[in-house]
Amino acid sequence: MSRLKTKVGNIEFINPFILASAPPARNAEMIARAFELGWAGAVTKTICLNYKDMIDVSPRLAGIKGGLLNIELISSVSPEKWVEDIKFLKQNYPSNIVIASISAEASNIEGWQKLAVMTQTAGADMLELNFSCPHGLPEMGMGNTCSDNPEIAAKITKFVKAVSKIPVWTKLSPNVNSIKRLAELCLNSGADGITAINTVKGFAGVDVKTGLPKLNINGYSAYGGLSGDIIKPIALKAVSEIASTLKCNVSATGGIKNHEDAVEFILLGASTVQLCAEVMFKGYEIIKELKHGLNNYLEEYNFNSVNEIRGKSLQYIKPHFDLDKSNCLKHEINPEICINCGKCYKACRDAGYQAISYNGDNLLIDKQKCSGCGLCSIICPANAIVINNNENICSQFLLKR
Ligand SMILES: Cc1cc2nc3c(=O)[nH]c(=O)nc-3n(C[C@H](O)[C@H](O)[C@H](O)COP(=O)(O)O)c2cc1C
């Protein structure tokens, strides 16, 4: 398992897997149990000075297809108690990395500095500035307010850096015009790395029988933050864009549930990965699959360390304008596998190029009419439609050390 060791700046992680700032990192007792099972680090639930204002509603979590929507606030535990918790964790788990997530009002620079000094004096290895909680906090001038105002985010970063002896990361929101620009301003102000992304703004839905919100708090609800599988493509885009253009360390969070998701994020430039929703669903034990899966992957492809695969896939992302338009890949239906359901025919007829004919027994693709859009292969329930040539292309690019 030594190949899982990951160095980020001067900080050594025993593996790249970290608990994100969220319910699984609510206090020292919980984080300690996660460390015992093999998690390399944990970002504390976000610590603030106005913790008494963090009064949560019930319920505050809604299950949605592919994830979770939450309207939970940040930590309602006092910074003084967190100081004790961080001390306990560092005394008992010196090889594990404790990252203090902190937040204050965007205008309260002294508050940010106070929390930074308190948590670093307690022994935190790193700081993560929460610029990104999308619900509840913006109404208090906190969280997403900072991502919404990049100049303010940059100013807070600069002043926190001025009092910090440990690395300072900023956790950014996807709910902005340009996360890359936001990251750039934070880095220019001294941030040592970027955590991307926090939850994506959303609404849990409406019960059509009553007209009431699905996440129903005495008849009312509020907009919240989406997490889990459903936000992974948004996170992949943010992480790769920041890593490739700004050449900085990125901690990825958003929709990571197994080692393959983690590998994808690392190939796209992440140095570490943070998990929340999957731990909430399955418990800390998922670390076993994450560690073994990543280790086996590196072994199979003959890599000695996580760093060797970091960012390897960034070279394959180009502006749309530069993509090859000369090669129109035609689709083929494999008659051995096709179940003649006709789904591809309908899709191509009503949303494609009318290239598939169906006589009730056989489906046929007219290669003159097919424009290679890919819709039929996506909706085929039997995986009977392949994009001609695709395998040949991919075989040239198998990951090599
Ligand atoms: C219930 C809940 C509470 C959260 N609380 C915080 C928080 O206090 N601070 C923070 O920075 N992010 C918070 N998050 C966001 C997570 O840290 C994480 O960035 C996000 O859920 C995306 O990761 P995932 O898809 O693995 O869940 C919270 C998420 C959830 C679901």
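Every value quoted in this text rests on a predicted model; they were computed, and no experiment measured them.

Rules behind the numbers
Residues numbered from 1 in each chain as written. Predicted model: local features only at pLDDT ≥ 70, side-chain atom pairs only at ≥ 80, totals over all residues. Heavy atoms only, no water. Helix = DSSP H or I, 4+ residues; strand = E, 2+ residues; numbered from the N terminus. Rg over C-alpha atoms; globule rule 2.2 N^0.38 Å. Buried < 20%, exposed > 50% of the residue type's maximum accessible area, 1.4 Å probe, protein only. Areas by Shrake-Rupley, 256 points an atom, 1.4 Å probe, with all protein chains shown as cover. Lys, Arg positive; Asp, Glu negative; His and termini not counted. Charge placed at Lys NZ, Arg CZ, Asp CG, Glu CD. Expected span 1.5 Å × (residues − 1). Contact = heavy atoms within 4.5 Å. Domains from an automatic or database assignment. Phe/Tyr/Trp six-rings, centres within 6.5 Å; stacked < 30°, edge-to-face > 60°. Lys NZ or Arg CZ within 6 Å of the ring centre and 35° of its normal. Near = heavy atom within 4 Å. Polar contact = N/O pair within 3.5 Å; in protein donor to acceptor, adjacent residues only side chain to side chain. Patch = residues over 30% accessible without salt bridge, like charges linked within 9 Å, V, L, I, M, F, W, Y side chains within 5 Å. Salt bridge = Lys/Arg side-chain N within 4 Å of Asp/Glu carboxyl O. Pairing = 2+ DSSP bridges. Right-handed = clockwise from strand over helix to strand, strands pointing away. Axes fitted to C-alpha atoms, helices over the stretch in contact; angles between N-to-C directions. Parallel < 35°, antiparallel > 145°, perpendicular 65-115°, else oblique. Left-handed = near helix turned anticlockwise from the far one by under 90°. Nonpolar A, V, L, I, M, F, W, Y, C, P; charged D, E, K, R; others polar.

Engineer: Explain the overall build of the protein to me, please; I cannot follow it from the model alone.
Structural biologist: Helix and strand counts for the protein come out as 13 helices and 18 strands. A compact globule built from 401 residues would reach a C-alpha radius of gyration of about 21 Å, and the protein, at 24 Å, matches this within 12%. Along the first, second and third principal axes, the C-alpha set of the protein runs to 75 × 55 × 40 Å. Looking at the protein residue by residue over its 401 residues, the buried ones come to 51%. Accessible area of the protein: about 19200 Å², with a carbon and sulfur share of 52%. Charge separation in the protein, taken as the distance between the mean sites of 42 positive and 38 negative side-chain charges, equals 2 Å.

Engineer: Explain helix α5 (residues 150–163) here, please?
Structural biologist: Here α5 contains 14 residues, and its C-alpha end-to-end distance of 21 Å stays within 8% of the 20 Å for a straight helix at 1.5 Å per residue. Along its buried surface, α5 packs onto α3 (109–122), β8 (126–130), α4 (144–148), β9 (168–172) and α6 (179–188).

Engineer: Whenever I open this one, the domain arrangement of the protein confuses me. Can you help?
Structural biologist: Where interface size is quoted, it is often the accessible area lost as the parts come together. Structurally, the protein comprises domain 1 (2–316) and domain 2 (321–395). Measuring from the centre of the C-alpha atoms in domain 1 to the corresponding centre in domain 2 gives 40 Å.

Engineer: Just checking my understanding: could you explain the packing of aromatic side chains for this structure?
Structural biologist: The description of two aromatic rings rests on the distance between their centres and on the angle between their planes. Counted by the stated rule, this structure contains 5 aromatic pairs. Ring geometry for Y297 and Y301: centres 4.8 Å apart, planes at 35 degrees, overall tilted. If you follow K325 out to its NZ or CZ, it ends over the ring of F321, 5.4 Å from the centre.

Engineer: Sorry, what's going on with the environment of T253 here?
Structural biologist: With respect to the helices, strands and loops of the structure, T253 is situated in strand β13 (residues 250–253). Expressed as a C-alpha distance, the spacing of T253 and S227, which sit 26 residues apart in the sequence, is 9.3 Å. Residues in contact with T253, not counting those within four places in the same chain, are A20, K171, T195, A196, I197, A235 and Q274.

Engineer: Would you mind showing me how to read the site of the ligand here?
Structural biologist: Surrounding the ligand, one finds 25 residues, the nearest of these being S21, K45, T46, G228 and G255. Contacts to the ligand include S21, whose backbone N or O atom sits 2.7 Å from an oxygen atom. Between the ligand and the protein, one listed contact pairs an oxygen atom with a side-chain N or O atom of K171 at 2.8 Å. A total of 610 Å² of accessible area belongs to the ligand in isolation, and the protein chains cover 99% of it.

Engineer: Just checking my understanding: could you explain a nonpolar patch on the surface for this structure?
Structural biologist: Together, F203, V206 and Y223 make up a nonpolar patch on the protein surface, roughly 330 Å² of accessible area in all. Here Y223 falls in the exposed class, since its relative accessible area comes to 64%.

Engineer: Explanation requested: the pairing of β13 in the structure shown.
Structural biologist: On a regular strand, each side chain points to the face opposite its neighbour's, so the side chains alternate between the two faces of the sheet. Burial along β13 is two-sided: V250 and A252 and S251 and T253, pointing in opposite directions, are all buried. In the sheet, strand β10 (residues 193–196) pairs with β13 via 3 bridges, with the strands oriented parallel. Each bridged residue has a counterpart across the sheet, and for I194 the counterpart in β13 is V250. Across 3 bridges, the pairing between β13 and strand β14 (residues 272–275) is parallel. Looking at β14, one finds that A252 is bridged to V273. Crossover connection from β13 via helix α8 (residues 259–267) to parallel β14: handedness right-handed.

Engineer: How do you make sense of unusual backbone geometry when you look at a structure like this?
Structural biologist: Note: most peptide bonds trans; most residues except glycine with negative phi. Residue P59 follows S58 across a cis peptide bond; omega there is -5 degrees. Mapped onto the elements, P59 comes out in the loop between β4 (41–43) and β5 (61–64). The peptide bond linking A196 to I197 adopts the cis configuration, its omega dihedral lying at 10 degrees. By the secondary structure assignment, I197 is in the loop between β10 and β11 (200–202). The phi torsion at Q354 lies on the positive side, around 55 degrees, for a residue other than glycine. As for its position among the elements, Q354 is in the loop between α11 (343–351) and β16 (356–358).

Engineer: Explain the pattern of salt bridges to me, please; I cannot follow it from the model alone.
Structural biologist: For side chains of opposite charge, pairing can occur when their charged atoms come near one another. Evaluated as defined, the whole model comprises 17 salt bridges. For the salt bridge of E72 with R60, the shortest nitrogen-to-oxygen distance reads 3.5 Å. Here E72, found in the loop between β6 (67–70) and α2 (79–92), pairs with R60, found in the loop between β4 and β5; they are 12 residues apart in sequence, far enough to count as distant. The class for E72 is buried, based on a relative accessible area of 7%. Connected through shared salt-bridge partners, R26, K45, D56, R60 and E72 make up one network.

Engineer: Just checking my understanding: could you explain the sheet that holds strand β12 (residues 224–227) for this structure?
Structural biologist: Hydrogen bonds between backbone atoms are what pair the strands of a sheet, whose relative direction is either parallel or antiparallel. Strand order across the open sheet formed by 4 strands is β5-β6-β12-β11, with antiparallel pairing between neighbours. Every interior strand has two partners, whereas the edge strands, β5 and β11, have only one. Each neighbouring strand pair of the sheet contributes to a mean axis angle of 35 degrees, computed without reference to strand direction. With 4 bridges connecting them, β5 and β6 associate as antiparallel partners.

Engineer: Would you mind showing me how to read the packing of α2 against α3 here?
Structural biologist: Any two packed helices are characterised by how steeply their axes cross, that is the angle between the axes, and by the distance between the axes. Close contact between α2 and α3 brings their axes to 8 Å; oriented N to C, the two are set at 25 degrees. Classified by the interaxial angle, the pair formed by α2 and α3 is roughly parallel. When you trace α2 past α3, the crossing you get is right-handed. In this structure, α2 uses P79, E80, V83, I86 and K87 to contact α3, whose residues at the interface are L115, M118, T119 and A122. Residue composition of the contact of α2 with α3, by class: 6 nonpolar, 1 polar and 2 charged.

Engineer: Help me understand the side chain of H259, please; the structure alone is not making it clear to me.
Structural biologist: Note that H259 resides in helix α8. A relative accessible area of 15% means that H259 is categorised as buried. For H259, the residues in contact, after removing those within four places along its chain, are E289, L290, G293, L294 and Y297.

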